[in-house]
Amino acid sequence: MKNQFSDTPNRLVAGVSLSIAFLAVGVMAAWFLGWVWLIQPVAGAGLMMFNTALSVALLSLATLALAVKRRYLAAFLAGIPLLISLIALLESAFSLGIGLDEFLVDAYVTHPTIPPGRTAPNTALALILASVSVLLLSTSPFRIRFATAAQVFSVAAAALGTAALIGHGLSL
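What counts and what doesn't
- Residues numbered from 1 in each chain as written.
- Predicted model: local features only at pLDDT ≥ 70, side-chain atom pairs only at ≥ 80, totals over all residues.
- Heavy atoms only, no water.
- Axes fitted to C-alpha atoms, helices over the stretch in contact; angles between N-to-C directions.
- Helix = DSSP H or I, 4+ residues; strand = E, 2+ residues; numbered from the N terminus.
- Parallel < 35°, antiparallel > 145°, perpendicular 65-115°, else oblique.
- Left-handed = near helix turned anticlockwise from the far one by under 90°.
- Nonpolar A, V, L, I, M, F, W, Y, C, P; charged D, E, K, R; others polar.
- Core = buried A, V, L, I, M, F, W, Y, C linked by side-chain atoms within 4.5 Å.
- Buried < 20%, exposed > 50% of the residue type's maximum accessible area, 1.4 Å probe, protein only.
- Contact = heavy atoms within 4.5 Å.

Chemist: Before we move on, can you summarise the packing of helix H1 (residues 8-33) against helix H3 (residues 50-67) with the specific residues and values?
Modeler: As a packed pair, H1 and H3 sit with axes 8 Å apart at the nearest point and diverge in direction by 160°. When the interaxial angle is binned, H1 and H3 end up roughly antiparallel. The two elements H1 and H3 cross, and the hand of that crossing is left-handed. Of the residues contributing to the contact of H1 with H3, the split by class is 19 nonpolar, four polar and no charged.

Shown next, in the form of structure tokens:
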């Protein structure tokens, strides 16, 4: 039986996925333990909401599931952040308050421009794009058009993240 991590790309994907999941779970734990320094490392700067951390952790584990060829698990894990992010985006777009923002944790650290606990709209959009990408890659049988679409969604999500990182770096 061949080792699932026998090739270097799978080992790299697994390592990066686990590292990101570990960081996201750390932020989730920080919400429960009151560690503001981990939720918002720089005072007045951006912070990671609990639902965002949950979505990032699940997407990281979905990517790991893809690396070990567990397509159905990857699709399930990617579906949850897709749903959470769609709800957050709809809440922001239509000024709704469905209650998902603080369903698991009370948001005692807030951001001045978004409701307490809510994932920022651009973050929600990036999570939606990443979730759809994982869902496309988990389809069976694997088709080249799905792979191409997954790449487009992944690049779009990365572009949103890069723009946000540059904006935070330049204090925009």
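Chemist: For the nonpolar core, give the residues involved together with the corresponding values.
Modeler: Of all hydrophobic cores here, the largest spans 26 residues; its most connected members are Met28, Trp31, Leu47 and Val134. Taken together, the elements giving at least two residues each to this core come down to H1, H3, helix H4 (71-93) and helix H5 (121-137). Looking at which element gives the most residues to this core, the answer is H3, with eight residues. Ignoring anything within four residues of it in the chain, the contact list for Leu47 reads Trp31, Ile39, Gln40, Val109, Thr110 and His111.

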